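Coordinate inspection notes
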Amino acid sequence: IAGITQAPTSQILAAGRRMTLRCTQDMRHNAMYWYRQDLGLGLRLIHYSNTAGTTGKGEVPDGYSVSRANTDDFPLTLASAVPSQTSVYFCASSDSGLAGIEQFFGPGTRLTVL
Amino acid sequence: ELKVEQNPLFLSMQEGKNYTIYCNYSTTSDRLYWYRQDPGKSLESLFVLLSNGAVKQEGRLMASLDTKARLSTLHITAAVHDLSATYFCAVEAGTYKYIFGTGTRLKVLA
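Residues numbered from 1 in each chain as written. Chains lettered and ligands numbered in written order. Predicted model: local features only at pLDDT ≥ 70, side-chain atom pairs only at ≥ 80, totals over all residues. Heavy atoms only, no water.

Next up on the list: the packing of aromatic side chains. Here the structure, examined in full by the defined rule, presents 10 aromatic pairs over all chains. Aromatic side chains Tyr35(A) and Phe105(A) sit 5.7 Å apart centroid to centroid with 40° between the ring planes, which places their arrangement in the tilted category. Taken together, the positions of Tyr35(A) in strand S4 (residues 31–38) and Phe105(A) in strand S10 (residues 104–105) put the pair 70 residues apart, joining distant regions of the chain. In this structure, Tyr35(A) and Phe105(A) share a single accessibility class: buried. Pairing Phe105(A) with Tyr35(B) gives two aromatic rings, centres 5.5 Å apart and planes at 85°, and the pair type is edge-to-face. With Phe105(A) in strand S10 and Tyr35(B) in strand S4 (residues 32–37), the pair connects residues from two separate chains. In this structure, Phe105(A) and Tyr35(B) share a single accessibility class: buried. Through a chain of ring-to-ring contacts, the aromatic side chains of Tyr33(A), Tyr35(A), Phe105(A), Tyr33(B), Tyr35(B), Tyr98(B) and Phe100(B) assemble into a single cluster. (Phe/Tyr/Trp six-rings, centres within 6.5 Å; stacked < 30°, edge-to-face > 60°. Helix = DSSP H or I, 4+ residues; strand = E, 2+ residues; numbered from the N terminus. Buried < 20%, exposed > 50% of the residue type's maximum accessible area, 1.4 Å probe, protein only.)

Structure follows, in structure tokens:
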């Protein structure tokens, strides 16, 4: 593994189903993030984690939950998917939450909720 | 609510020309980031600007930050086709919180 991996690459999901998007990094970064990207809206922060065991809400957290059991993994769960959650989801990490640290992004997961 | 606005949203330019992309934000912040995204790909970090007056350059791209005007610019010099991509600015709105602009889609025509 090099950098950040996400799984699945893409998924079509029926509304009401539960779905977990996986994210793993091997850079030992302490901070991790989940964004959604929608056409015309740029990227919006869903949840973040500054260290294992701690998470926080971003701009658009409703309908999503996260956990951070260890440094490397940061899964995003949709408990009951709705069509408005159709989007491309990017996981990112950074070396620290201190100012001036760039984020590294995973390849993304394209999710379609029907 | 912090807002980050980029303009233009779309830019089509000829190779060899110069142009500037603007990123305006609505609240005090002295940390701003520029990213590039190729179609269907992930985001790649271009520049990290950490203080008022900061200027960074890489190849044909130069970014600057004016925190008093709440404005960052990404200047393209003598554009080439390989620069075709979508460019995003992002403002640090708080610890671990980043607000992205809507992006500027750049197409450089041969």
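Before going further, it helps to spend a moment on the side chain of Thr104(B). Here Thr104(B) shows up in strand S11 (residues 104–109). Separated by 2.6 Å, the side chain of Thr104(B) and the backbone oxygen of Pro8(B) make a polar contact. (Polar contact = N/O pair within 3.5 Å; in protein donor to acceptor, adjacent residues only side chain to side chain.)

With that out of the way, let us pick up the nonpolar core. Within the largest apolar cluster, 26 residues are counted, with the highest numbers of intra-cluster contacts made by Val4(B), Leu32(B), Trp34(B), Leu74(B), Ile76(B), Tyr87(B) and Leu106(B). At the level of secondary structure, the elements contributing two or more residues to this core comprise strand S2 (10–14), strand S3 (19–25), S4, strand S5 (43–49), strand S7 (61–66), strand S8 (71–76), strand S9 (85–94) and S11 of chain B. At four residues, S9(B) tops the list of elements feeding residues into this core. If sequence neighbours within four positions are ignored, Leu74(B) has contacts with Tyr19(B), Thr20(B), Ile21(B), Trp34(B), Phe47(B), Leu61(B), Met62(B), Ala63(B) and Tyr87(B). Membership of the second largest hydrophobic core comes to 19 residues, among which are Tyr35(A), Phe90(A), Tyr35(B) and Ala90(B). (Core = buried A, V, L, I, M, F, W, Y, C linked by side-chain atoms within 4.5 Å. Contact = heavy atoms within 4.5 Å.)

Once that is clear, we can look at the pattern of salt bridges. Overall, the coordinates contain four salt bridges over all chains when judged by the stated rule. Two residues, Asp38(A) and Arg44(A), come together in a salt bridge whose shortest N-O distance is 2.9 Å. Look at Asp38(A) and you get buried, because its relative accessible area is 14%. Arg36(B) is the partner of Asp38(B) in a salt bridge, and the nearest nitrogen-oxygen pair spans 2.9 Å. Looking at Arg36(B), the relative accessible area reads 15%, which means it is buried. Overlapping salt bridges bring together Arg36(A), Asp38(A) and Arg44(A) as one network. (Salt bridge = Lys/Arg side-chain N within 4 Å of Asp/Glu carboxyl O.)

Listed per partner, the contact involves 25 residues of chain A and 20 residues of chain B. A combined buried area of about 1,900 Å² lies between chain A and chain B, and 57% of that area is made up of carbon and sulfur atoms. If you look at where chain A meets chain B, you find zero salt bridges. Looking at the side of chain A that touches chain B, the elements that each hand over two or more residues are S4 and strand S5 (42–51) of chain A. With five residues, the top contributor of residues to the side of chain A that touches chain B is S5(A). Looking at the side of chain A that touches chain B residue by residue, the classes come out as 13 nonpolar, nine polar and three charged. (Buried area = accessible area lost by both parts, 1.4 Å probe. Nonpolar A, V, L, I, M, F, W, Y, C, P; charged D, E, K, R; others polar.)

Residue and element names in this part refer to chain B. By the definition in use, this model includes two disulfides over all chains. The partner cysteine of Cys23 in its disulfide is Cys89, sulfur to sulfur 2.0 Å. Note on the Cys23 and Cys89 pair: the S-S dihedral is about 80°, so by sign convention the disulfide is right-handed. Here Cys23, found in strand S3, pairs with Cys89, found in strand S9; they are 66 residues apart in sequence, far enough to count as distant. Across the pair, exposure class does not vary: Cys23 and Cys89 are buried alike. (Disulfide = S-S within 2.5 Å.)

Just geometry here; none of it tells us what the structure is for.
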